[in-house]
Amino acid sequence: MRVLVSAGEPSGDTHAAGVVRALLRTRPDAEIDGIGGPQMEGAGAHLLERMERLSASGLVEVTGRAAIHVRLLRRLRRRINAGRYDLVLVVDYPGFHLRLARAATRAGLPVLYYIAPQLWAWGRWRIRELQRSVRRLAVILPFEEAFFGARGVPAAFVGHPLLDRPPASRRAARRCLGVEEGTRLLGLFPGSREHEYRHHRELFATVARRLRARVGPLEIVVASSPLTQRPSSAETDLATGDPTTVLAAADAVLCKAGTTTLEAALADVPMVIAHRMHPVTFRVARRLVRVPHVGLVNLLAESRLAPEFLQGAAQPDALAEALATLLDEGGSAAHRQRAGFATVRARLGTPGAGRRVAELALRMAA
């Protein structure tokens, strides 16, 4: 069994790694080539290209890496046309993966798309491309199965892969970060992609300092990954830590929109969501986005469970005020969020997403 697995960014690398491990447990003889990072490589995939050169989102940001994507697509098309694979599995990252799926389908290969494009939010014109190029979708949000199925794209809800991660110990995480019990800790999650980190890092650092001046003693740790840049001059007085550890230790977090909001809900950590992007990307998104909330946690809760501050509204004083209410031990804001998190967690399904995707892949490649 020969499979090409492609993930274009850190979260996709993690989720694809779970599928690779499940495939190799069932079929130890499988040959898996990959576009990904350290997680996929550690799971047993042979990497053809590292995702660090690819990872981008947003109209302007992706355009800046177009040449890299074009060269890689040509390379993969040659391998596909040479008959090297029995199945192509793509994970998230639709701008590149829809083109790869089209090339595979034209060569007669089945395509399984894991973590479908969020066409329920924007970009519904891509439905036709999915109909033509993807045999099966493995979706991770409960409403997606019906959404895509009603539009002629076979989809199976496999549960959210975040449920497969063992919960981290709060006590061990705080000990790792050198934070004493009883000390409040704010986690900053500016994003794992380089351009996200660049848009958010100084804003988040400014918010943290103003919050500390407002609420008194407060530990502040920036979640940082190997893919993000070193802290800027505005952050030199802030500690950094592994994202999983920071989230487990935190009393509240300031995070950009995206999967981090679901991770915080699973960890039962109250949050404020702030998101900035390139002005051109934001103007386009404002015209096209069709959902009432940008935070995934709010979409699943079907309410503004966590406050959202977008683009120009993401100002230091407003963010510091919202976070101060979450850190107020006598206040109701944090309690209200935690009560809503229970609903969100229940809607994410059950553990075993990677195994279910691997089972789909095995049936499709048979």
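So, how was this worked out
- Residues numbered from 1 in each chain as written.
- Predicted model: local features only at pLDDT ≥ 70, side-chain atom pairs only at ≥ 80, totals over all residues.
- Heavy atoms only, no water.
- Pairing = 2+ DSSP bridges.
- Helix = DSSP H or I, 4+ residues; strand = E, 2+ residues; numbered from the N terminus.
- Axes fitted to C-alpha atoms, helices over the stretch in contact; angles between N-to-C directions.
- Parallel < 35°, antiparallel > 145°, perpendicular 65-115°, else oblique.
- Left-handed = near helix turned anticlockwise from the far one by under 90°.
- Contact = heavy atoms within 4.5 Å.
- Nonpolar A, V, L, I, M, F, W, Y, C, P; charged D, E, K, R; others polar.
- Buried < 20%, exposed > 50% of the residue type's maximum accessible area, 1.4 Å probe, protein only.
- Right-handed = clockwise from strand over helix to strand, strands pointing away.
- Salt bridge = Lys/Arg side-chain N within 4 Å of Asp/Glu carboxyl O.
- Expected span 1.5 Å × (residues − 1).
- Core = buried A, V, L, I, M, F, W, Y, C linked by side-chain atoms within 4.5 Å.

**Here's the deal with the sheet that holds strand S9 (residues 219-223)**
Phase 1: Sheet architecture is open: six strands sit in the order S10-S9-S8-S11-S12-S13, paired in parallel fashion. The sheet is open, and its two borders are formed by strand S10 (239-241) and strand S13 (308-310), each paired with just one other strand. The average undirected angle you get between the axes of adjacent strands in this sheet is 25 degrees.
Phase 2: Across four bridges, strand S8 (residues 185-189) lies against strand S11 (residues 252-255) in parallel orientation. Each residue of the ladder has a partner; that of Phe189, found in S11, is Cys255.

**Details of the packing of helix H4 (residues 66-81) against helix H5 (residues 94-106)**
Phase 1: Where H4 contacts H5, the two axes come as close as 10 Å, and the packing angle between them is 25 degrees. As summarised for this structure, H4 and H5 are arranged roughly parallel, according to the angle between their axes. The handedness of the crossing between H4 and H5 is right-handed. Where H4 abuts H5, its residues His69, Leu72, Leu73, Leu76, Arg77 and Ile80 lie against Phe96, Arg99, Leu100, Ala103 and Ala104.
Phase 2: The class makeup of the residues in the contact of H4 with H5 is eight nonpolar, one polar and two charged.

**With respect to the sheet that holds strand S5 (residues 111-114)**
Phase 1: As summarised here, the arrangement of the seven strands in space is S3-S2-S1-S4-S5-S6-S7, forming an open sheet in which the pairing is parallel. One side of each edge strand has no neighbouring strand; the edge strands of this open sheet are strand S3 (46-50) and strand S7 (155-157). Strand-to-strand twist in this sheet, taken as the mean axis angle between neighbours without regard to direction, amounts to 20 degrees.
Phase 2: As paired elements, strand S1 (residues 2-7) and strand S4 (residues 87-91) share five bridges and run parallel to each other. Across the sheet, residue Val3 finds its bridge partner in S4, namely Leu87.
Phase 3: On top of the sheet, helix H1 (residues 10-26) reaches S1, strand S2 (31-36), S4 and S5; it is set at about 160 degrees to S1, its chief contact.
Phase 4: The sheet strands contacting helix H16 (residues 353-365) are S4, S5, strand S6 (136-139) and S7, and the helix crosses S5 at an angle near 170 degrees.

**Some thoughts on the side chain of Ser133**
Phase 1: Relative to the elements of secondary structure, Ser133 occurs in helix H6 (residues 127-133).
Phase 2: Look at Ser133 and you get buried, because its relative accessible area is 3%.
Phase 3: Once residues within four sequence positions are removed from consideration, Ser133 is found in contact with Ala101, Arg102, Thr105 and Val111.

**A short note on the pairing of S4**
Phase 1: Of all five residues in S4, five are buried; the element is thus mostly enclosed.
Phase 2: The two faces of S4 match: Leu87, Leu89 and Val91 on one face and Val88 and Val90 on the other face are all buried.
Phase 3: In this sheet, S5 lies alongside S4 in parallel orientation, the contact comprising four bridges. From the neighbouring strand, Leu89 faces S5, where its bridge partner is Leu112.
Phase 4: For the crossover from S4 across H5 to S5, the handedness is right-handed.

**A short note on the pattern of salt bridges**
Phase 1: In this structure the tally under the stated criterion is 15 salt bridges.
Phase 2: Its salt-bridge partner being Asp29, residue Arg27 comes within 3.1 Å of it at the nearest N-O pair.
Phase 3: With relative accessibility at 30%, the residue Arg27 sits in the partly exposed group.
Phase 4: Across the salt bridge formed by Glu41 and Arg50, the nearest N and O atoms sit 3.2 Å from each other.

**Regarding helix H14 (residues 316-327)**
Phase 1: In this model H14 runs 16 Å from its N-terminal to its C-terminal C-alpha over 12 residues, within 8% of the 16 Å that 1.5 Å per residue would give.
Phase 2: Those residues of H14 not exposed but buried are Pro316, Leu319, Ala320, Ala322, Leu323, Ala324, Leu326 and Leu327.

**Looking at unusual backbone geometry**
With glycine set apart, most residues show a phi of negative sign, and most peptide bonds adopt trans.
Phase 1: For Ile115, which is not a glycine, the phi torsion comes out positive at approximately 65 degrees.
Phase 2: On the secondary structure map, Ile115 appears in the loop between S5 and H6.
Phase 3: The exposure class assigned to Ile115 is buried, which follows from its relative accessible area of 9%.
Phase 4: Notably, Asp268 is not glycine yet its phi reads approximately 65 degrees, a positive angle.
Phase 5: Topologically, Asp268 is positioned in the loop between helix H11 (259-267) and strand S12 (271-275).

**Notes on the nonpolar core**
Phase 1: Ranked by internal contacts, the top residues of the largest apolar core, which has 99 residues, are Tyr114, Leu137, Phe148 and Val297.
Phase 2: With 27 residues, the next largest nonpolar core counts Ala252, Val272, Phe309 and Leu327 among its residues.

**Brief notes about the environment of Leu266**
Phase 1: Mapped onto the elements of the fold, Leu266 is located in helix H11.
Phase 2: Judged by relative accessible area, Leu266 falls into the partly exposed class, the value being 27%.
Phase 3: C-alpha separation for the pair Leu266 and Val297, spaced 31 residues apart in sequence, amounts to 9.9 Å.
Phase 4: The residues touching Leu266, leaving out its near neighbours within four places in the chain, are Leu162, Leu163, Arg345 and Leu348.

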